[in-house]
Amino acid sequence: MNVLTIALREVKVGFRNPWAYSFMALFSLFSLSLLLINAQSFVQGYSSSTSSMLNLILYLLPLMTLLLGSFSLTAEKEEGSWQLLSTYPLATFAFIAGKYTGLTVVMLTIVAFGYGLTGVVGALTGRGLQPATLGLFFAFSTGLVLLFLAIALVLGTFAKNRWQALTAGVAVWFFAVIGWPTLLIAVLGQLPYVWIKSALVVLTFLNPAELVRLFVVVKLGGGAALGPEYYEWVRWIGRPEGSLVFMGLCLVWIAVCAGLANWIWERGRSRG
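If you're wondering where the values come from, they're calculated on a predicted model, not measured in any experiment.

**Focus on the nonpolar core**
- Grouped together as the largest cluster of nonpolar side chains are 68 residues, with contacts concentrated most on Phe-27, Leu-61, Met-64, Phe-95, Ile-110, Phe-140 and Leu-144.
- No other element matches helix α6 (residues 131–158), which puts 13 residues into this core.
- When sequence neighbours within four positions are dropped, the list of residues in contact with Phe-140 reads Leu-54, Ile-57, Leu-58, Val-212, Arg-213 and Val-216.
- If you look at the next biggest cluster of nonpolar residues, it comprises seven residues, including Trp-180, Leu-184, Ile-196 and Ala-199.

In structure tokens form, the structure reads like this:
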């Protein structure tokens, strides 16, 4: 067995999962709501309408990804599939990488279907989003999927069952998306002024939702709305090599999470 075999198996299982189709319908509904927002105020670049669209995606997609990803791994434990797979000459890394690849295909299919439906309906009604804006929304969604799926690998590794995965997934989503502004203000308010910018950089790197959001906002031309604390972010993201640096940061995030999940699974496998 190799990475491709595990990935193909995960894709088949993923598209048999009713949760996947429920999330597909929900994400499609949210995607169509972007057209309603766009109809009220034509979107070009960064605006209040664009910000509302980004928030809609940010509220839904990370939670979907965390739940589907962590449930997939805990199901292997609950149903005994991992005990069977571990008897084969299958490397733990191949198992983790295959799960991640297969889940990525499932999640990006859901995202592509939602945006594709939005594009078709928008073209038919004459209220469609600008192609560049829609492309950045897709890039935003892809970044969220890849990073939060990496976190889901870790959550699914630690969780012993789906209930634990559900609790952990909702907690991570709440702190990373809903509670983040409050936590950020609370932490930065306790630090000396000279430390604030450095702490802001570190904390932003620790939150994939905020990292991806800042990148897309700057690319949409909304860097001025972020405030002076993010001046350096606007500078490096706006450079030609900014996208490559951002992708490198995402790869580091994914590698760290996948490495941690692999190490924990390998320890459990060696201990039987």
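**A short note on the packing of helix α10 (residues 208–219) against helix α11 (residues 231–238)**
- Taken N-terminus to C-terminus, the directions of α10 and α11 make an angle of 70°; their axes are 10 Å apart at the nearest point. As summarised for this structure, α10 and α11 are arranged roughly perpendicular, according to the angle between their axes. α11 is crossed by α10, and the crossing has right-handed handedness. Residue-level contacts link Leu-211, Leu-214, Phe-215, Val-218 and Lys-219 of α10 to Trp-233, Val-234, Ile-237 and Gly-238 of α11.
- Looking at side-chain class alone, the contact of α10 with α11 contains seven nonpolar, one polar and one charged residues.

**Quick notes on the layout of surface pockets**
- When its volume is computed, the largest pocket comes out at roughly 400 Å³.
- Taken together, 21 residues make up the lining of the largest pocket; nearest its centre are Val-13, Asn-17, Phe-71, Ser-72 and Ala-75.
- Counting only elements with at least two residues in the lining of the largest pocket, the list comes to α1 (3–16), α2 (18–40), α3 (48–78) and α5 (92–125).
- Classifying every residue of the lining of the largest pocket gives ten nonpolar, four polar and seven charged.

**Quick notes on the side chain of Asn-207**
- Position of Asn-207 among the secondary structure elements: in the loop between α9 (193–206) and α10.
- Among the polar contacts listed, one links the side chain of Asn-207 to the backbone oxygen of Ala-176, at a separation of 2.9 Å.
- Those residues in contact with Asn-207 that sit more than four places away from it in its chain are Ala-176, Trp-180 and Trp-253.

**Details of the pattern of salt bridges**
- According to the stated counting rule, one finds five salt bridges in the structure shown.
- When the shortest N-O distance is used, the salt bridge between Lys-99 and Glu-10 registers 2.7 Å. Taken together, the residues span a long stretch of sequence, with Lys-99 in helix α5 and Glu-10 in helix α1 at a distance of 89 residues. Like Glu-10, Lys-99 is buried.
- Salt bridges here are not isolated pairs; linked through shared partners, they connect Arg-9, Glu-10, Glu-76 and Lys-99.

**As for the packing of aromatic side chains**
- Tallied over the entire structure, the rule returns seven aromatic pairs.
- Relative to Tyr-115, the ring of Phe-27 lies with its centre 5.5 Å away and its plane at 85°, an arrangement referred to as edge-to-face. Note that Phe-27 is positioned in helix α2 and Tyr-115 in helix α5, a separation of 88 residues in sequence. Each member of the pair Phe-27 and Tyr-115 is classed as buried.
- Ring geometry for Tyr-115 versus Phe-138: centroids 6.2 Å apart, planes at 70°, classification edge-to-face. You can see Tyr-115 sitting in helix α5 and its partner Phe-138 sitting in helix α6, a full 23 residues away along the chain.
- A relative accessible area of 5% means that Tyr-115 is categorised as buried.
- For Phe-138, a relative accessible area of 33% translates into the label partly exposed.
- Grouping aromatic residues by their ring pairs yields a cluster made of Trp-19, Phe-23 and Phe-71.
- A cation sits over an aromatic face here: Lys-77 above Trp-265, 5.3 Å from the ring centre.

The rules we used
Residues numbered from 1 in each chain as written. Predicted model: local features only at pLDDT ≥ 70, side-chain atom pairs only at ≥ 80, totals over all residues. Heavy atoms only, no water. Core = buried A, V, L, I, M, F, W, Y, C linked by side-chain atoms within 4.5 Å. Buried < 20%, exposed > 50% of the residue type's maximum accessible area, 1.4 Å probe, protein only. Helix = DSSP H or I, 4+ residues; strand = E, 2+ residues; numbered from the N terminus. Contact = heavy atoms within 4.5 Å. Axes fitted to C-alpha atoms, helices over the stretch in contact; angles between N-to-C directions. Parallel < 35°, antiparallel > 145°, perpendicular 65-115°, else oblique. Left-handed = near helix turned anticlockwise from the far one by under 90°. Nonpolar A, V, L, I, M, F, W, Y, C, P; charged D, E, K, R; others polar. 1 Å grid on protein atoms, 1.4 Å probe; cavity = no way out; pocket = protein on both sides within 12 Å on 5 of 7 lines; lining within 4 Å. Points joined across faces, edges and corners; volume = space filled by probe spheres on them. Polar contact = N/O pair within 3.5 Å; in protein donor to acceptor, adjacent residues only side chain to side chain. Salt bridge = Lys/Arg side-chain N within 4 Å of Asp/Glu carboxyl O. Phe/Tyr/Trp six-rings, centres within 6.5 Å; stacked < 30°, edge-to-face > 60°. Lys NZ or Arg CZ within 6 Å of the ring centre and 35° of its normal.

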